[in-house]
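A structural walkthrough
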Amino acid sequence: KAGVTQTPRYLIKTRGQQVTLSCSPISGHRSVSWYQQTPGQGLQFLFEYFSETQRNKGNFPGRFSGRQFSNSRSEMNVSTLELGDSALYLCASRLTGGFSYNEQFFGPGTRLTVL
Amino acid sequence: DQQVKQNSPSLSVQEGRISILNCDYTNSMFDYFLWYKKYPAEGPTFLISISSIKDKNEDGRFTVFLNKSAKHLSLHIVPSQPGDSAVYFCAASVVQTGANNLFFGTGTRLTVIP
């Protein structure tokens, strides 16, 4: 079974631009979460999508947005990029939502550099 | 506000000895705890987890201990092997709300010396 895939793996943008990152979850997984990893803050939760609906959101500004398609693939968008947005963006998929824990499987990440 | 903390950024251990990685948390609502291992240029890989109703969970060389009164979590690796060298993240979640998102610590880099 293929794992979580993220494209592109590396991206360089300049301040003020916008960027779209893509994530394909493991087949059959309906939940996709996004995390930002920076050296200073570690891994921080951005948002989670389940059945095309955002069901949970972390403490990030509105410049960070996402969506999920009917095939569970997800995209996240960052508008008006700032230098501080340089980070590794990780996507994680899991089978479903709900009130029991089910393991999240992470993709390799997209390394975004903002110049 | 860092709700999950790993105060040791790095740890070096001789091969064959025990590695003990520590983690503290502040949110008493956390009811599920996990350890992830991460290699450079890869996403975190799940290692072991524990529910808040337990105080110990064991899987082969890996054991996780939970002390709820102290809000403290630890991972023991016995015996340590060079292949265990990686960055280890502890994470916590509030499953009972259905949220399931993970709060991560900042990681501990473990180096196992052959």
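Residues numbered from 1 in each chain as written. Chains lettered and ligands numbered in written order. Predicted model: local features only at pLDDT ≥ 70, side-chain atom pairs only at ≥ 80, totals over all residues. Heavy atoms only, no water.

Attention now moves to the nonpolar core. Counting residues in each nonpolar core, the largest one holds 24 residues, and the members touching the most others are Phe33, Trp35, Leu73, Leu75 and Tyr88 of chain B. Looking at which element gives the most residues to this core, the answer is strand E9 (residues 86-93) of chain B, with four residues. Every residue in contact with Phe33 of chain B, bar those within four places of it in the chain, is listed here: Tyr25, Ile48, Ser49, Ile50, Ser52, Leu66, Leu73, Ala91 and Ala92 of chain B. Grouped together as the second largest cluster of nonpolar side chains are 21 residues, Leu21, Cys23, Phe47 and Val78 of chain A included. (Core = buried A, V, L, I, M, F, W, Y, C linked by side-chain atoms within 4.5 Å. Buried < 20%, exposed > 50% of the residue type's maximum accessible area, 1.4 Å probe, protein only. Helix = DSSP H or I, 4+ residues; strand = E, 2+ residues; numbered from the N terminus. Contact = heavy atoms within 4.5 Å.)

Here a disulfide denotes a covalent bond joining the sulfur atom of one cysteine to the sulfur atom of another. Applying the stated criterion to the full structure yields two disulfides over all chains. Here Cys23 of chain A pairs with Cys91 of chain A through a disulfide, and the sulfurs are 1.7 Å apart. Handedness here is read from the sign of the S-S torsion; for Cys23 of chain A and Cys91 of chain A, about -55 degrees, the answer is left-handed. In this pair, Cys23 of chain A is assigned in strand E3 (residues 19-24) and Cys91 of chain A in strand E9 (residues 87-94), connecting sequence segments 68 residues apart. On the basis of relative accessible area, Cys91 of chain A is assigned to the buried category, the value being 0%. Here Cys23 of chain B pairs with Cys90 of chain B through a disulfide, and the sulfurs are 1.9 Å apart. Between Cys23 of chain B and Cys90 of chain B the disulfide shows an S-S torsion of about 65 degrees. By sign, it is right-handed. Taken together, the positions of Cys23 of chain B in strand E3 (residues 19-25) and Cys90 of chain B in strand E9 put the pair 67 residues apart, joining distant regions of the chain. Residue class for Cys23 of chain B comes out buried when judged on its relative accessible area of 2%. Under the relative-accessibility criterion, Cys90 of chain B is labelled buried at 0%. (Disulfide = S-S within 2.5 Å.)

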